[in-house]
Amino acid sequence: MKKTFKKIAGLLLAMVMVFAMTATVFAEGENTETTYSITIKNESTGHIYEAYQILKGDLHEGTLSNIEWGSGVNDAGKAELGDAKANADSLKTSDDAAQFAKSVASYLTTSAASSSFIPKNEEENTEAKYVISGLAAGYYLIKDKDKSLENPNDSYTRYILKVVGNVEADPKSDVPSSDKKVKDINDTTGESTDWQDSADYDIGDNVPFRLTATLPNNVSYYDKYKLVFKDTQSKGLTYTGKATVKVNGVKVGQIDPVIENYAASDEDDIYAGGKTLTFTIDNVKADPYNAGDSAVITIEYNSTLNGQAVIGSAGNPNKMHIEYSNNPNDSNETGKTPDDTVIVFTYKTIVNKVDKDGKALPGAEFTLEKKVKDTSEAGYKWASIQTVKNTEGTIFTFAGLDDGDYRLTETETPKGYNTISPIEFTISADHDIISDNPALNTLTGTGESEITFTPNITNGSLESNIVNYKGTELPSTGGMGTRIFTVSGLVIMIGAALLLVTKKRMSIRK
């Protein structure tokens, strides 16, 4: 009885195994019930991927046979594109597939399924990904849902064409990066820094700026790739023209911006009164740029630090971003990089004219000169910066100064006082050269013993008292003073004569 039961159980198990094998072959061969998934490797959140069945058929060992148009293509597309099998047979290379995907994209209808995002799992060591599941066998076009990206600094994925089985797709999407930099030039030493995030200048100086866009690694997927540089300057800077464009460090020409008044968001907007410069390159792939994947495009120009410049730690900020093509399937879609900011600082020196007791002393005039490197035998010259005359007042302000060496000369002296010797001093400043939000950290003035500065970083000032001393008082000629000296002299002479006569008489008596 036990042997008979074992035989029956073994027979049933064998029948189940045969049925299971038959069911698997049937499912793959007849394309019924079995469904597949597409995994898209992308850590960037916010995408909604859709899968459109372009071609369908019987799937066996990765090969699709008995091919027909799938459910994702509308009737107009089927009529326009022709025989489904002929289209499938033409897909020999990745370029063929990309071109076919673009052609059929105009005729899409209902998507078969949308993606679900699966975040990164540290414990299981799995990367973030998107999964589209429940798909029947066929060729699928995978794309970002139209108008679905909310992150402006992201790009849509190029059309992906895949044969299902369970497959993985590597989306070809990337975005450019952008930054703005400024150079700092010291007039006294003649030295220039590399490109950095802050600088200081005299009012009236030309300030060199550079805008940079580093292109993504998928520019080749675009028919054309547009870049728009949006550069906003605060009111203390004036664009002076002649912007130069370089591709990978090689000059390719010049470009003129559209200059508009900046639209301030509120009265406290630090850019209020400034200008927005818009540099547009319609297609970086075309002449004279001919830029490809990962190319670096720079725009260099000068602006003048003008009389409206803000003095002190608030500085004169500039911000820029770029707007760029971000959809290889639709040239009208654009993204935006984050703003990048640089700051130009400038300072002032305040001279208080006082007497030896520290009391305000009116009636002076001062001239400030700057030591500037040149090609003369001395290697430098003194360049006049400002002359300030304040006949009634006692405070002299020299505003809009760079770091460097200076000379202060009293060109008019209060009456009755001695003119001071010219005083040489140095302005030094430390500001963040690499920072998302550059700050003025220190401001110092050092010089001869006659001058001591009190710094104020907030208002960018170096303040000092300059002392004048009265001249020596001399007696006038003639008058009572002369008579007194004359009488005194006669008395002394008479006294000396009498003393001499007395001595001689005493000698004779002896």
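Located above this text is the structure these notes cover.
Residues numbered from 1 in each chain as written. Predicted model: local features only at pLDDT ≥ 70, side-chain atom pairs only at ≥ 80, totals over all residues. Heavy atoms only, no water.

Draft legend 1. Focus on the overall build of the chain. Secondary structure assignment for the chain yields five helices and 31 strands. The buried share among the 510 residues of the chain stands at 41%. Partitioning the contacts of the chain with sequence separation of at least 6, the portion at a separation of at least 24 is 67%. In the structure as shown, the chain presents an accessible area of about 28,000 Å², 51% of it carried by carbon and sulfur atoms. (Helix = DSSP H or I, 4+ residues; strand = E, 2+ residues; numbered from the N terminus. Buried < 20%, exposed > 50% of the residue type's maximum accessible area, 1.4 Å probe, protein only. Contact = heavy atoms within 4.5 Å. Areas by Shrake-Rupley, 256 points an atom, 1.4 Å probe, with all protein chains shown as cover.)

Draft legend 2. Representation of the environment of Val252. Within the secondary structure, Val252 is located in strand β16 (residues 250-255). For Val252, a relative accessible area of 25% gives the class partly exposed. Beyond its immediate stretch of four places on either side in the chain, Val252 contacts Val245, Lys246, Val247, Pro288 and Tyr289.

Draft legend 3. Geometry of helix α4 (residues 94-104). For α4, the full list of buried residues reads Ala97, Ala98, Phe100, Ala101 and Val104. What you see down the axis of α4 is that its buried residues fit within an arc of 165 degrees, all on one side. In α4, the exposed positions that point more than 90 degrees away from the buried face belong to Asp95 and Gln99. Contacts made by the buried residues of α4 are with β2 (49-60), β3 (63-69), α2 (75-81), α3 (84-89), β7 (138-144) and β8 (160-164). (Arc of directions from axis to C-beta.)

Draft legend 4. Broad picture of the environment of Thr367. As for its position among the elements, Thr367 is in strand β24 (residues 364-373). Residue class for Thr367 comes out buried when judged on its relative accessible area of 12%. Each C-alpha atom, one on Thr367 and one on Thr409, is 5.3 Å from the other, the two residues being 42 residues apart in sequence. Once you skip the residues sitting within four places of it in the chain, Thr367 turns out to touch Ser384, Gln386, Thr387, Arg407, Leu408, Thr409 and Thr411. One polar contact links Thr367 to Thr387, side chain to side chain, over a distance of 2.9 Å. (Polar contact = N/O pair within 3.5 Å; in protein donor to acceptor, adjacent residues only side chain to side chain.)

Draft legend 5. Just the sheet that holds strand β29 (residues 440-447), in detail. Strand order in the open sheet formed by five strands is β25-β24-β27-β28-β29, and the pairing between neighbours is antiparallel. Of all the strands in the sheet, the pair left with one neighbour each is β25 (380-390) and β29. When the angles between neighbouring strand axes are averaged without regard to direction, this sheet yields 25 degrees. Judged from the five bridges that link them, strand β27 (residues 404-412) and strand β28 (residues 423-431) form a sheet pairing that is antiparallel. Bridge pairing in β28 places Asp405 opposite Thr426. (Pairing = 2+ DSSP bridges. Axes fitted to C-alpha atoms, helices over the stretch in contact; angles between N-to-C directions.)

Nothing here speaks to function; it is geometry throughout.
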